[in-house]
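The lines below spell out each chain.
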Amino acid sequence: MRRTGAGAACGGVLLVALALAGCQWSGDSDAASQRPTLTGTAGGHGAVFLGADDCGSRGRERVTEVPCDSERAAARVIARYDGRVGDGPACPARTDYVLHISESRPSVDEDGDGEVSRGYACMRNLEPPHPGDPGGGGGPRTVVGDCVYGAGRGEVRETACDGSGPRTPEYRVVAAVPTRSSCAPGTALYVSLGGPRPVGCAVRV
């Protein structure tokens with residue numbers, strides 16, 4: 001799977017929230033969707049900018065690192081990795097969204113050398129909703145319990161199983177298996193999940 005994001009520089013570290021709304025598909029489609037860009041700057045609250053257990057602020061355009069007990073805190077980092085998301089470990093299944101951190105030279109950084117390395121932070125909202133939970137309708141990964149709908153050209157996208165999302169669920173992923181042949185009879189759709197059990201067996205709902 002390929003996902004891309006874009007952003008604009010600000011006075012510190014650039015963060016890009018990719019369209020990790022759980023976009024997944026069956027077959028070999030390379031299509032992906034995007035969410036709006038978020039940018040952010042280093043706030044100096046932790047030893048590592050947006051390190052594990054640090055919190056980020058809310059905001060549609062800019063996200064900054066803030067103390068987790070701040071009224072501005074919106075989400076917590078549950079995992080932080082260096083490098084590009086396509087080259088590194090997958091975020092935990094309960095991740096609500098992912099922030100990409102690009103290389104920069106802010107005035108405040110983690111070790112005083114003037115640089116913050118490229119990486120990505122796996123974020124979980126401090127309060128509901130949690131789109132990364134099974135059936136929640138989003139998150140960077142499709143997992144067992146998620147629901148999807150057909151988006152055309154062999155592509156499917158996540159939507160909330162309870163029908164609260166913009167699209168009605170058509171299929172639910174009921175198992176993750178190594179190969180398509182491992183899916184139970186009655187499987188209506190195969191969904192690409194990645195990982196050691198890359199095939200999701202989905203049934204109609």
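Cut-off values and rules
Along each chain, residues carry numbers from 1 onward, in the same order as the chain's sequence is written. Per-residue local features of the predicted model are confined to residues with pLDDT of at least 70, and side-chain atom pairs are confined, for both listing and counting, to 80 or more; whole-chain, interface and lining totals are unaffected and use all residues. Side-chain figures throughout are based on the complete set of non-hydrogen atoms in the structure, without hydrogens or water. Helix and strand assignments come from DSSP, with helices taken as H or I runs of at least 4 residues and strands as E runs of at least 2, each series counted from the N terminus. Residue exposure (1.4 Å probe, protein chains only): buried if accessible area is under 20% of the type maximum, exposed if over 50%, otherwise partly exposed. Aromatic contacts are taken between Phe, Tyr and Trp rings whose centres are within 6.5 Å, Trp giving its six-membered ring; a plane angle under 30 degrees counts as stacked, one over 60 as edge-to-face, and the others as tilted. Our working definition of a disulfide is a cysteine sulfur pair at a distance within 2.5 Å. Just to be clear on terms, a salt bridge is a Lys or Arg side-chain nitrogen sitting within 4 Å of an Asp or Glu carboxyl oxygen. The contact rule is simple, with two residues in contact once any of their heavy atoms fall within 4.5 Å.

**A few points about the overall build of the chain**
Assigned secondary structure in the chain consists of zero helices and twelve strands. If you list the helices and strands of the chain from N to C, you get β-β-β-β-β-β-β-β-β-β-β-β. Burial status across the chain gives 44% buried among its 205 residues.

**What about the packing of aromatic side chains?**
Tallied over the full model, the rule gives one aromatic pair. Between tyrosine 81 and tyrosine 120, the ring centres sit 5.4 Å apart and the planes meet at 45°, which makes this aromatic pair tilted. With tyrosine 81 in strand 5 (residues 73-82) and tyrosine 120 in strand 7 (residues 119-125), the pair connects residues that are 39 residues apart, well separated along the chain.

**Details of the state of the cysteines**
In total, this model carries four disulfides according to the counting rule given. Here cysteine 55 is linked by a disulfide to cysteine 68, with a sulfur-sulfur distance of 2.0 Å. Because the torsion about its S-S bond is 100°, the bridge between cysteine 55 and cysteine 68 counts as right-handed. With cysteine 55 in strand 3 (residues 55-57) and cysteine 68 in the loop between strand 4 (65-66) and strand 5, this residue pair connects regions lying 13 residues apart in the sequence.

**Remarks on the pattern of salt bridges**
Oppositely charged side chains may form a pair once their charged atoms are brought near each other. Tallying each qualifying case throughout the model produces four salt bridges. Among the salt bridges present, the one from aspartate 133 reaches arginine 124, with a minimum N-O distance of 2.9 Å. For aspartate 133, a relative accessible area of 26% puts it in the partly exposed group. Among the charged side chains, a network of salt bridges with common partners joins Asp96, Arg124 and Asp133.

**Observations regarding the environment of methionine 123**
In this fold, methionine 123 is placed in strand 7. Of the residues examined, methionine 123 reaches a relative accessible area of 1% and is grouped as buried. Setting aside chain neighbours within four positions, we find methionine 123 in contact with Gly56, Ala75, Arg76, Val77, Thr95, Asp96, Tyr97 and Leu99.

**Here we look at unusual backbone geometry**
A negative phi angle is the norm for most residues apart from glycine, just as the trans form is the norm for most peptide bonds. Cis rather than trans, the peptide bond between proline 128 and proline 129 has omega equal to 5°. Counting through the fold element by element, proline 129 comes out in the loop between strand 7 and strand 8 (147-152). In the Ramachandran plot, aspartate 53 falls in the positive-phi region, its phi being about 75° despite a non-glycine side chain. Relative to the helices and strands, aspartate 53 is located in the loop between strand 2 (24-25) and strand 3. You will see that arginine 153, though not glycine, has its phi angle at about 55°, which is positive. The residue arginine 153 is located in the loop between strand 8 and strand 9 (155-159) in this model. Taking the relative accessible area as the measure of exposure, arginine 153 reaches 78% and is therefore exposed.

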